[in-house]
Amino acid sequence: MDDYDVTTLALINYFCQERYFNHVQITANEGLKKYGNDPVYIFFRAYGTLMEGRIQEAIQEIDVIKDRSDFSLCSLMTLIYAYRKSSNPDREAIQELEAKLKEERKSAGPKALYFAGLLLWHLGRHDKARDYIDRMIKISNGAKEGLTLKGWIDLTCGKEAYAKKAVKYFDEGMQSEKDIFAVMGKARYFEMRRNYSGAVDTVNHIIVNVPGFLPAFVMKMKLQLALQDWEQAVETAQRLLQKDSHNFEALQILALYSLCREGSVTEAANRIGDLIVALDHFEPHNAELFYKMALAFSRACGRKQQVLQQTQTLVERAVSLDSNNSELATELGYQMVLQGKMKEALKCYKTAMKLDETSVSAFTGIIRCQLFEGQEEEAEQQLEFLSEVQQSIGKSGELSYLHAILAIKKQKGQDEIVNLLSDAVDTHFSSLHGLPLGVQYLEKLNPDFLLEVIKEYINFCPTQSPSSGHASSGLLRHCTSVLETMVKIVPGLLEAIFLMAKVKYFAGDIEAAQSSLQHCIEQNSSYSDAHLLMAQVYLSQRNYKLCSHSLELCLSYSFEVQEHPLYHLIKAQLQKKLGEVQEAIKILQMAMNFPEVKRVRSATKSSNKKITVSMFDRVSIYLELADAHSINGEQHEAAKVMQDAIIEFSGTSEELRITIANADLALMQGDTELALSMLRNIMPEQPYFIQAKQKMADIYLHHRKDKRLYLSCYRDLVDKVPDSHTYLLLGDAYMNIQEPEKAIEVYDQALKKTPKDGTLASKIGKALVKTHNYNKAVNYYESAVKNGQQNFLRYDLAELLLKLKHYEKAEKILQQALHSETGNDLPVLMENSRYFILLAKIYKKMENIEESISYLQQGREVQARVLKKVQLEQPSIAPAQKQFAAEICAEIANHFTTQRDYEQAIKFYKEALVYCETDNKVMLELARLYLAQDDINACQHQCALILKNDADNEAATMMMADIMFRKQDYEQAIYHVQQLLENKPDNYPILSRLIDLLRRAGKLEDVFRFLEVTEKHSSRANLDPGFNYCKGLYLWYTGQPNDALRHFNKARKDSDWGQNAVYNMIEICLNPDNDTIGGELFENIDGDIGNSTEKHESEQLAVRTAEKLLKELKPQTVQGHVQLRIMQNYCLLATKQKTNVEQALNAFTNIATAEKDHVPALLGMATAYMILKQTPRARNQLKRICKMNWNAIDAEEFEKSWLLLADVYIQNGKYDMAEELLRRCLRHNRSCCKAYEYMGYIMEKEQGYRDAALNYEMAWKFGNQTNPTIGYKLAFNYLKAKRYVDAIDICHRVLTTHPNYPKMRKDILDKARAALRA
């Protein structure tokens, strides 16, 4: 067989199997051009011609090669097949050919047997083909091409026993890696055994070795789809189209992707148009292909007319090519059904029945048309007949559905209808068993049929909270299960997502419903049904403004909606909530006049338009009207409406709901006994029994205050309806009255009934935690996880162990969970993401920050995969998953903020905002970082965004004040804070920030006014720790340390203010006069003033007091512990003993090494070096701080660093450099006494006494005129500046408080008086 081009033959065999007969001819013609009149290509060209129905042309082709020994058998077989296929078969010719075939077979060689077997295989005659190939293998001593073909025959014969062995023949028959026919067979074997990854690897070998063999790409694309990897499949399809712009499969997959995944109907329709053009050009006579290409599109398009027009074109083209095919005529009928053209559909089905009287699908189509045209009697007779036939042909989901529709039309019982609908769904899904995702799966899934079933199902679901009964919640769960499958496979089908939203809304999962509806509206803003349901969602959330907006949008997109009773019902409910009861009554009375409302039983459609009104909504209109009359004081009218409702809905499933509403009416009138007697009449076998019992329980608990009777209602429920749901209700009842021990017992009984119920298992664990029985809770979780049934409880267990500080055990549980739950499925990825984040929390608690960040990053990567999948598979939970992704990014950013790596922190906060752009908390943190980076404009932008969403946001307002302060717009800064304080004068956190702002703005004198306002606002303000803290701050800032200590002491024991108060007290103890610690300038100048021994003793006493206060601090955070270490080491510095100072220096160095750019630690190091007289080293650290951006957190430390470095520069005579630092101090704190004092000193040294006096004046002012040293310097410079009166005035003030202050009287006062006299 080496004589032939194996690639071309493999390609022809592929086209034969796919039934692309024009492609067979085209490829054969290419072979003939290349190799001359090769009989192999002549034979295949003839075969392709024959299969297209051009019989005479095929016979003429075969006559050319029939005498060739290698092709005699296949030629004779082809001729026999051709004669039999002709309209008037020539019996004699056929008999003659059969006799000749029998004779030829006796002496046939290996090649003749091979081609005969190949032909039989392509014709679907596997057993006969196997006979020929077995003989061929035998006489050729195991020819490899024969073994390969046998592998293909066994693989495709439909018998498992043969298919299992096929791979052996492919391996034995493979002649080389370029033996495409064998390698493709092996790939197909892996595909059939569902080893899709193995199949992809095998196909990749072909692509690498023979890149021009396009069927390998087609197969790879289909395998990627089977692996549910749409992105890769689409990429392969695009690659295919680059090589062959008319490739059918690639065009089909891209069109399906546009339709099913992206929901882009226009793009899908355009791609189908391209597909039709390609089919017309390359397979113009292939009716079967035209027909098959229409199936998946028509069933997955949600009845979109653009697509259905294209699929109708495909089917019509198929019918025109093969008008005698009943199957094609039936499909054309179904295309008409999808477009709502029932009369045309009926004609097509009848045509199909004429062509094939045994066609069950055509017969079923006729029944469907009869049912929807209102011909119930005829349909019922036909269904009875078809049901008899069904016993022999097997169950059909569509037949069960039609039985359900008939039952609805005949007003049969709910149970019967629901059972039929359930049977339809179950039977339908059973046909999908074992099918991988692909074109065939989408055809069989038939989303359109499932939507029809679910729409009917929903009519029987409870349209309120699932508490109305366990059976009802079962219906909702069944709907959810079907819709989840559809949304996962066809996320572009908006109607499925809308119905999912509806089911979620009915089940009480409002957030999920809102999320799904938001997705629908984003995809199609004119989706009026989605707007209407969204209005109901907003109404349930009490968001009346958005509810009204949704109703307006709904009306703007579909004016016909005002003819829908549901629109009026929602509008009336909204008006009632807004207190417009009279308006609500008018709207409801208008709704009552609609024919769909006042019509007995389940009348659903008006004569002109398809307006569907459920019985639930009809009853709701009556009940809302009665309730509105009752609220409006029109009790007689309310009673009349209720009476009408009872008459209208008597004998229906909603009758008891009216009874419960009547009980509510009695309750509103204060007649609890009448309400209870009504509810008692509802029996266990009736609908709404559970709801009635819950209502009774509510009356006993809230109106009668009788816990015993409250519980008896739920106990009675368990007795009458003993299922897991009622046990759950009883357990919840025990929890409501704070009896968790009994609740646990009941939950345990419920869990025995449904051992795999995760909700119950979780409730038991949480109830045990609530009883503080932590060990038992841990044992329960561990047992549940060990049994293997409750793997999802691992998270709860790890979380509990984390709370109990059993970090190693929690870590082990999560690591096991991560190793056991692997895969790429959405639920697994979501769980793994949670595990990673919880692990990060555990490592953070263990202070292993590196591992914590590592697991956060892993969690972030997994969550990114979750978001990629969730948008397509479960869009309803996408917002929650985005929120989780934002939280992960924010936590990573928080880690980087702690490490002072602000650039990385900003990056991750920005990423968090990509996922959740209105998260005020993240925006606030990002604004803080911008402020820390001194990026004022970016910070202001973030704050503006926050205040746009939340005008009363305190933190953002305070930050805006900070920004205005930095821009030196002090009036605006203070205005922002004043706004907050005007609303709440006793908002002490804001008051403390205002005091700081006023201090920095140089307006400390204004603080007293705010303190007075606060005292007037609250008579108990003087006793409040927050007020005392604020007053302590003011006194400290105005140079009154003793009074400040007294007020801080009053706040010291408070949980909110205590820690900051203690830190401030420690700072006052260590530095009461607010000196520059480590600075030598004023220490040298003022060293001779005062009693040094007394001062030393005072300082040591203060240090001991500070150390005592330090022991009271119990920090809860990592940063808190660092702050405590800093303060402990400042205490050591305050002793000024060399060993203590060196010890402190080591500690500060360690902190600065561990924490990048830690300003307090660096300042501590510099101070220590100054005390140790190592000025150059101190200067290096201080210069490092000077290069950093100022931030509010380290504001005090920045100020002290600049002052200390200025001190160093002044001592070295570098006045310009010192002045620049001092101006920086004053830019950030206009009340900085020390900065003014240093500036005065520089001016004095430069003999600028007037300027010196101005600076000393400011220092004197902001020191509250209490510091005698500054008073002395100010008086001295007044004297030098010849301001004698001012000098005398300052001297008197200083001597009044410090009568023995050295040199003041002699050096200044006497001289000033003498100068005045002169």
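*Asks:* Hey, could you run me through the overall build of the protein chain in this one?
*Replies:* Each helix and strand in the protein chain was counted, giving 71 helices and zero strands. Relative to the globule expectation of 34 Å for 1318 residues, the C-alpha radius of gyration of the protein chain, 44 Å, shows a markedly less compact shape. Once the C-alpha set of the protein chain is aligned to its principal axes, its extents read approximately 155 × 90 × 55 Å. A burial count over the protein chain gives 54% of its 1318 residues as buried. Considering only contacts within the protein chain whose residues lie at least 6 apart along the sequence, 57% involve residues at least 24 apart. Carbon and sulfur atoms form 47% of the exposed surface of the protein chain, whose accessible area is close to 60300 Å². Distance from the positive charge centre (162 side chains) to the negative charge centre (172 side chains) of the protein chain: 4 Å.

*Asks:* Explain the packing of helix α62 (residues 1138–1154) against helix α63 (residues 1159–1171) to me, please; I cannot follow it from the model alone.
*Replies:* For any two helices packed against each other, one specifies the inter-axial angle together with the distance between the axes. Look at α62 against α63: their axes get within 8 Å of each other, and the N-to-C directions meet at 150 degrees. Considering their axes alone, α62 and α63 lie roughly antiparallel with respect to each other. Judged by the sense of rotation from one axis to the other, the crossing of α62 with α63 is left-handed. Within the contact between the two elements, α62 uses V1141, L1145, F1148, T1149, I1151 and A1152 and α63 uses A1161, L1162, G1164, M1165, A1168, Y1169 and I1171. Its residues placed into classes, the contact of α62 with α63 shows 11 nonpolar, two polar and no charged.

*Asks:* Looking at this structure, I do not really get helix α2 (residues 21–35). What am I missing?
*Replies:* For an α-helix the count is 3.6 residues per turn, leaving residues at separations of three or four pointing the same way. With 15 residues, α2 should cover 21 Å at 1.5 Å per step; its first-to-last C-alpha distance of 21 Å lies within 8% of that length. Every buried residue of α2 is accounted for by F21, N22, H23, V24, Q25, T27, A28, G31 and L32. Tucked inside the fold, the buried residues of α2 contact α1 (6–18), α3 (39–51), α15 (248–261) and α16 (265–282). At the C-terminal side of α2, G36 shows a positive phi close to 75 degrees.

*Asks:* Quick question: what am I supposed to make of the confidence of the model for the protein chain here?
*Replies:* It should be kept in mind that the predicted coordinates are not to be read in detail where pLDDT is low. For the protein chain, the average pLDDT comes to 86, and 93% of its residues sit at 70 or higher. Predicted confidence for residues 465–472 stays below pLDDT 50, and this span has 22 contacts to residues more than four positions away or in other chains. The model gives residues 600–609 a pLDDT under 50, and that stretch makes 22 contacts with residues more than four places away or in other chains.

*Asks:* What exactly am I supposed to notice about empty space enclosed by the protein here?
*Replies:* Taking a probe equal in size to a water molecule and rolling it over the atoms shows the remaining empty space. On inspection of all chains with the given rule, the structure shows three cavities of 30 Å³ or more. When its volume is computed, the second largest cavity comes out at roughly 110 Å³. Lining the second largest cavity, in full, are A10, N13, Y14, Q17, E18, W121, W152, I180, F181, M184, R188 and F213. Mapped by element, the contributors of at least two residues to the lining of the second largest cavity are α1 and α11 (180–192). A per-element tally of the lining of the second largest cavity places α1 first, with five residues. Considered class by class, the residues forming the lining of the second largest cavity number eight nonpolar, two polar and two charged.

*Asks:* What am I meant to see in the environment of L432 here?
*Replies:* Mapped onto the elements of the fold, L432 is located in the loop between α24 (414–430) and α25 (439–445). Taking relative accessible area as the criterion, L432 reaches 6% and is therefore assigned buried. Each C-alpha atom of the pair L432 and M1239 lies 87 Å from the other, and the pair is 807 residues apart in sequence.

*Asks:* Just checking my understanding: could you explain the packing of aromatic side chains for this structure?
*Replies:* Here a ring pair, both rings aromatic, is described through the centre-centre distance and the interplanar angle of the planes. Under the definition given, this model contains 33 aromatic pairs. For the ring pair W230 and Y257, a centre distance of 5.7 Å and an interplane angle of 45 degrees mean the geometry is tilted. You can see W230 sitting in helix α14 (residues 230–243) and its partner Y257 sitting in helix α15, a full 27 residues away along the chain. Like W230, the residue Y257 is buried in the burial classification. One aromatic cluster is present, built from ring pairs that chain together Y1029, W1036, Y1037, F1048 and W1057.

*Asks:* What's the story with the nonpolar core in this structure? I'm lost.
*Replies:* Side chains that are nonpolar tend, in soluble globular proteins, to be buried together. F44 and Y457 are the most contacted members of the largest nonpolar core, which has 242 residues in total. Setting aside residues no more than four positions away along its own chain, F44 makes contact with L9, I12, N13, C16, V24, A28, L118 and H122. A938, M1065, A1102 and V1141 belong to the second largest nonpolar core, which has 194 residues in total.

*Asks:* I keep staring at the packing of helix α32 (residues 565–577) against helix α34 (residues 615–631) and nothing clicks. Help me out?
*Replies:* Running from amino to carboxyl end, α32 crosses α34 at an angle of 25 degrees, the nearest separation of the two axes being 10 Å. What the angle tells us is that α32 and α34 run roughly parallel. Between α32 and α34 lies a crossing of left-handed hand. Contact residues: α32 offers P565, L566, L569, Q573 and K576, while α34 offers D617, S620, I621, E624, D627, A628 and I631. Of the residues belonging to the contact of α32 with α34, the class tally is six nonpolar, two polar and four charged.

*Asks:* Help me understand unusual backbone geometry, please; the structure alone is not making it clear to me.
*Replies:* Generally, phi is negative for residues other than glycine and the peptide bonds are trans, each holding for most cases. Backbone geometry places Q228, a non-glycine residue, at a positive phi of 65 degrees. By the element assignment, Q228 lies in the loop between α13 (214–226) and α14. Using a relative accessible area of 39% as the deciding quantity, one classes Q228 as partly exposed. Positive phi outside glycine occurs at R542, with the angle close to 60 degrees. Note that R542 resides in the loop between α30 (528–540) and α31 (544–557).

Thresholds, definitions, all that
- Residues numbered from 1 in each chain as written.
- Predicted model: local features only at pLDDT ≥ 70, side-chain atom pairs only at ≥ 80, totals over all residues.
- Heavy atoms only, no water.
- Helix = DSSP H or I, 4+ residues; strand = E, 2+ residues; numbered from the N terminus.
- Rg over C-alpha atoms; globule rule 2.2 N^0.38 Å.
- Buried < 20%, exposed > 50% of the residue type's maximum accessible area, 1.4 Å probe, protein only.
- Contact = heavy atoms within 4.5 Å.
- Areas by Shrake-Rupley, 256 points an atom, 1.4 Å probe, with all protein chains shown as cover.
- Lys, Arg positive; Asp, Glu negative; His and termini not counted.
- Charge placed at Lys NZ, Arg CZ, Asp CG, Glu CD.
- Axes fitted to C-alpha atoms, helices over the stretch in contact; angles between N-to-C directions.
- Parallel < 35°, antiparallel > 145°, perpendicular 65-115°, else oblique.
- Left-handed = near helix turned anticlockwise from the far one by under 90°.
- Nonpolar A, V, L, I, M, F, W, Y, C, P; charged D, E, K, R; others polar.
- Expected span 1.5 Å × (residues − 1).
- pLDDT = per-residue confidence, 0-100.
- 1 Å grid on protein atoms, 1.4 Å probe; cavity = no way out; pocket = protein on both sides within 12 Å on 5 of 7 lines; lining within 4 Å.
- Points joined across faces, edges and corners; volume = space filled by probe spheres on them.
- Phe/Tyr/Trp six-rings, centres within 6.5 Å; stacked < 30°, edge-to-face > 60°.
- Core = buried A, V, L, I, M, F, W, Y, C linked by side-chain atoms within 4.5 Å.

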